[in-house]
Amino acid sequence: WQPLIDPRHYRRNLFDGLDSAPVVAADDILVVVDCAAPMPGDHGLAWLRTVGLDRSTPVRGIAVLDDGAARRLAAALDGPVALYRPVTRRYTAPARA
């Protein structure tokens, strides 16, 4: 199966910098920015450091924003920015008795 994988679109990275993934509400956008180093300025991004697997980017910035703020941030940043909208609600494990 490996010859079928396009490495431009498939990367596995392990990041350090947050204890848990952020909650992304149904009407929010997850902003993802991969770059060589954290960008200067306060863009509201949490910067994560790559610590394992493919290491295709040294750092990743993430933020959860409303649609308008996400689009303004993407337009203001230099470099590739990905915007992700949730397709399902967040799974929460049932409480144990």
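In what follows, the structure referred to is the one given above.
Per-chain numbering applies: the sequence of each chain, read as written, is numbered from 1 onward. The predicted nature of this model means local features are confined to residues of pLDDT at least 70 and side-chain atom pairs, given and counted, to a pLDDT of 80 or more, with totals for whole chains, interfaces and linings taken over all residues. Each side-chain value is derived from all of the structure's non-hydrogen atoms; neither hydrogens nor water enter the calculation.

Peer 1: Could you give an account of the nonpolar core, with specific residues and numbers?
Peer 2: As used here, the term nonpolar core means buried Ala, Val, Leu, Ile, Met, Phe, Trp, Tyr and Cys residues forming a set that is joined through side-chain atoms within 4.5 Å. For each residue, the accessible area found with a 1.4 Å probe, counting protein chains only, is set against the maximum for its type, and the residue is called buried under 20%, exposed over 50%, and partly exposed in between. In terms of nonpolar packing, the biggest core is built from eleven residues, these being Ile29, Val31, Val33, Cys35, Met39, Leu45, Val59, Ala63, Ala70, Leu73 and Leu77. Elements that contribute at least two residues to this core include exactly β2 (28–35), β4 (59–66) and α1 (67–76). Top contributing element to this core by residue count: β2, with four residues. The helix count covers DSSP runs of H or I at least four residues long, the strand count covers runs of E at least two residues long, and both are numbered beginning at the N terminus.

Peer 1: Can you break down the pattern of salt bridges residue by residue, with the values?
Peer 2: Basic side-chain nitrogens of Lys or Arg form a salt bridge, by our definition, when they fall within 4 Å of a carboxyl oxygen of Asp or Glu. Following the criterion strictly, the structure yields five salt bridges and no others. Between Arg12 and Asp54 there is a salt bridge, and its shortest N-O distance comes to 3.1 Å. Residue Arg12 is found in the segment before β1 (13–16), and its partner Asp54 is found in the loop between β3 (46–53) and β4; the two are separated by 42 residues along the sequence. The exposure class assigned to Arg12 is partly exposed, which follows from its relative accessible area of 39%. A salt bridge links Arg71 to Asp67; the shortest N-O distance between them is 3.1 Å. Of this pair, Arg71 and Asp67 both sit in helix α1, four residues apart, roughly one helical turn. Here the salt bridges do not stand alone but share partners, grouping Asp67, Arg71 and Arg85 into one network.

Peer 1: Outline a nonpolar patch on the surface, listing residues and values.
Peer 2: On the surface, a nonpolar cluster with roughly 510 Å² of combined accessible area is contributed by Trp1, Leu4, Ile5 and Tyr10. Considering the arrangement of structural elements, one finds Leu4 in the segment before β1. Each patch groups residues whose relative accessible area exceeds 30% and which form no salt bridge, using 9 Å between like charges and 5 Å between nonpolar side chains of Val, Leu, Ile, Met, Phe, Trp and Tyr. The method behind every accessible area is Shrake-Rupley, applied with a 1.4 Å probe, and residues are considered shielded solely by the protein chains displayed.

Peer 1: Which residues make up the sheet that holds β2, and what values go with them?
Peer 2: Read from one edge of the open sheet, five strands run β1-β3-β4-β2-β5, paired in antiparallel fashion. With one partner strand each, in any of the chains shown, β1 and β5 (81–84) form the two edges of the open sheet. Each strand of the sheet is rotated relative to its neighbour by a mean of 35 degrees, with strand direction disregarded. Pairing analysis gives eight bridges linking β2 to β4, with the strands arranged antiparallel. Residue pairing in the sheet places Leu30 in a bridge with Val64 of β4. We treat two strands as partners when DSSP finds at least two bridges between them. Only the contacting stretch of a helix is used when fitting its axis, a line to C-alpha atoms as for every element, and angles between N-to-C directions run 0 to 180 degrees.

Peer 1: Please set out the side chain of Asn13 residue by residue, giving values where relevant.
Peer 2: Assignment of secondary structure puts Asn13 in strand β1. Overall, Asn13 belongs to the buried group, its relative accessible area being 17%. Pairs of N or O atoms are called polar contacts if they sit within 3.5 Å, as long as, within protein, a hydrogen donor faces a hydrogen acceptor (for residues adjacent in sequence, only side-chain-to-side-chain pairs). From its side chain, Asn13 meets the backbone nitrogen of Arg55 in a polar contact 2.8 Å long. Looking at Asn13, its side chain comes within polar contact range of the side chain of Ser56, at 2.8 Å. The contact criterion used is simple: two residues touch if any of their non-hydrogen atoms lie within 4.5 Å. Non-local contacts of Asn13, meaning those with residues more than four positions away in its chain, are made with Thr50, Gly52, Leu53, Asp54, Arg55, Ser56 and Thr57.

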